[in-house]
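Chain by chain, the residues:
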Amino acid sequence: MGIEKLIRKELLSFGGYSAAASPEVLEGRIDVAAKDMIKIDANENPYGCSPRVNKALARYAQFNIYPDDGQEKLRKLLSGYAGVDAKYIVAGNGSNQLIDLLIRLLVNPGDEIINCTPTFGIYSFSAKLCNGVLVEVPRDEAFNIDVAKVKAAITTKTKLIFVTNPNNPTGNLTPEKDLIELLDTGVPIVVDEAYYEFSRKTVVPLMSKYENLIVLRTLSKWAGLAGLRIGYGLFPPVIADFILRIKIPYNVNVAAIIAVEESLKDKDYLMASVQRLIDERQRLLDQVQKINWLTVYPTQSNFILCRIRNIDAGNLHKQLQLKGILVRYFDQPRIKDCIRFSVGKPEHTDALIKTLREIGG
Ligand SMILES: Cc1ncc(COP(=O)(O)O)c(C=O)c1O
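## Overview of the pairing of strand S5 (residues 158-164)
1) Next: The buried fraction of S5 amounts to six of the seven residues, a majority that puts the element mostly inside the structure.
2) Next: Pairing of strand S3 (residues 112-115) with S5, which is carried by four bridges, proceeds in the parallel orientation. Looking at the pairing, isoleucine 113 lines up with leucine 160 of S5.
3) Next: In this sheet, strand S6 (residues 189-192) lies alongside S5 in parallel orientation, the contact comprising four bridges. The residue bridging valine 163 from the neighbouring strand is valine 191, located in S6.
4) Next: For the segment spanning S5, helix H7 (residues 176-183) and S6, crossover handedness is right-handed.

Encoded structure:
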């Protein structure tokens, strides 16, 4: 008997999450050194983290000691930033981990999770791992959520509804009145605000009114900490307590805790780089709009989605990659002919536009 026969049957066809290829893996396969690649494929912050983080980590002398498993200091720090009491907060090894924990906490095999597609891939990834049934409610032509259709999809088995706001990869926001209409159904609604600092729209003030509201945030984007894996969730306190109980011990490492503390001390610096990206987003949009074989979707995030005409989007992704420009292509219904560009530095915009013009003729 081969050991693979022991694998859960429903996982044998599981494809996993297809993350963007990293520069060190691509180096050698293409003619561009990793350090010269323009990485605009994962919505990271090209300005990096606060220099205070680097200094504090270099000084720290206790990496041999486990972090506080209960996250007391960390939850207080995040509470100050998010403006809600620490009892609502749990931090994760990236907000991805909190998506996984929440599904594991609430979803029995056969329970349903509503997903408004196209959207971020981790909800379906974790749902499948937990034997949840994914109920897909496609967004409309402009990628807005069809609230009536979402409500019609709710059954007695619905445990969660995910709404990414602004949505990834489409960049658009769901109006607050639509979110309120969903909250009024009483079903737990997860509003994933990974890009909140770029949209400046949040439903956090609704937390005191709605017991079924969960908000997810991350420091990967605005604070430039994607590599240290730190995100947080705002949950009804009873759910937060259970998430703390079921999470793996010490899920947030000491370096990430230090990084949060230093980032929050340097908020002005980080918000200035967020503002630079918001300004650059407009310049990138203006430039891309001038290319007649691209149709760009409005965005409130740190990336833009473009529909490609006359050129195969998968092929364009490869051609850009050969030139060291890493962008995101999704081989998925509705967006097969689209490419997502993260907003980079001005020189990244210039190189991208120049290369798109060369490729497109
Ligand atoms: C909508 C959304 N949620 C969550 C995440 C993951 O964040 P983290 O790095 O904190 O796991 C991302 C990252 O791309 C995202 O786009």
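On we go.
## Concerning the site of the ligand
1) Next: The environment of the ligand is made up of 13 residues, and the closest members are Ser95, Asp192, Tyr195, Thr218 and Ser220.
2) Next: Between the ligand and lysine 221, the relevant distance is 2.8 Å, taken from an oxygen atom to a side-chain nitrogen or oxygen of the residue.
3) Next: Contacts to the ligand include arginine 229, whose side-chain N or O atom sits 2.8 Å from an oxygen atom.
4) Next: Alone, the ligand offers 390 Å² of accessible surface; in the complex the protein occludes 93% of this.
5) Next: Split into classes, the residues belonging to the shell around the ligand amount to three nonpolar, seven polar and three charged.

## Remarks on the sheet that holds S3
1) Next: What the seven strands build is an open sheet, ordered S2-S8-S7-S6-S5-S3-S4; its pairing is mixed. With partners counted over all chains shown, the strands left at the sheet margins are strand S2 (89-92) and strand S4 (133-136), one partner each. Strand-to-strand twist in this sheet, taken as the mean axis angle between neighbours without regard to direction, amounts to 20 degrees.
2) Next: The sheet contact formed by S6 and strand S7 (residues 213-218) spans four bridges and is parallel. Among the inter-strand pairings, aspartate 192 is bridged to a residue of S7, identified as leucine 216.
3) Next: Together, S5, S6 and S7 form the strand contacts of H7, whose direction differs from that of S6 by roughly 155 degrees.

## Some thoughts on helix H10 (residues 254-265)
1) Next: In this model, H10 (twelve residues) spans 17 Å end to end at C-alpha, consistent with the 16 Å of a helix rising 1.5 Å per residue.
2) Next: Burial runs high along H10: ten of the twelve residues are buried.
3) Next: Among the residues making up H10, those that are buried are Val254, Ala255, Ala256, Ile257, Ile258, Ala259, Val260, Glu262, Ser263 and Leu264.
4) Next: The residue sitting at the N-terminus of H10 and contributing the capping side-chain oxygen is asparagine 253; that oxygen lies 3.0 Å from the backbone nitrogen of alanine 255.

## A look at the packing of helix H4 (residues 95-106) against helix H5 (residues 122-129)
Two quantities define a packed helix pair, namely the angle between the axes and the distance from one axis to the other.
1) Next: Packing of H4 against H5 brings their axes to within 9 Å, and their N-to-C directions diverge by 40 degrees. The handedness of the crossing between H4 and H5 is right-handed. Every residue of H5 that contacts H4 at Asn96, Ile99, Asp100 and Ile103 is listed here: Ile122, Tyr123, Ser126 and Ala127.

## What to know about the pattern of salt bridges
1) Next: A complete count under the given rule lists 20 salt bridges for this structure.
2) Next: With a closest N to O distance of 2.9 Å, lysine 73 and glutamate 261 form a salt bridge. Residue lysine 73 is located in helix H3 (residues 72-82), and its partner glutamate 261 is located in helix H10; the two are separated by 188 residues in the primary sequence.
3) Next: Lysine 354 is the salt-bridge partner of glutamate 358, the closest N and O atoms lying 3.3 Å from each other. In this pair, glutamate 358 and lysine 354 are both assigned in helix H13 (residues 346-360), four residues apart and thus about one turn of the helix distant.

Here is what the cut-offs are and how they apply
- Residues numbered from 1 in each chain as written.
- Predicted model: local features only at pLDDT ≥ 70, side-chain atom pairs only at ≥ 80, totals over all residues.
- Heavy atoms only, no water.
- Buried < 20%, exposed > 50% of the residue type's maximum accessible area, 1.4 Å probe, protein only.
- Helix = DSSP H or I, 4+ residues; strand = E, 2+ residues; numbered from the N terminus.
- Pairing = 2+ DSSP bridges.
- Right-handed = clockwise from strand over helix to strand, strands pointing away.
- Near = heavy atom within 4 Å.
- Polar contact = N/O pair within 3.5 Å; in protein donor to acceptor, adjacent residues only side chain to side chain.
- Areas by Shrake-Rupley, 256 points an atom, 1.4 Å probe, with all protein chains shown as cover.
- Nonpolar A, V, L, I, M, F, W, Y, C, P; charged D, E, K, R; others polar.
- Axes fitted to C-alpha atoms, helices over the stretch in contact; angles between N-to-C directions.
- Contact = heavy atoms within 4.5 Å.
- Expected span 1.5 Å × (residues − 1).
- Left-handed = near helix turned anticlockwise from the far one by under 90°.
- Salt bridge = Lys/Arg side-chain N within 4 Å of Asp/Glu carboxyl O.

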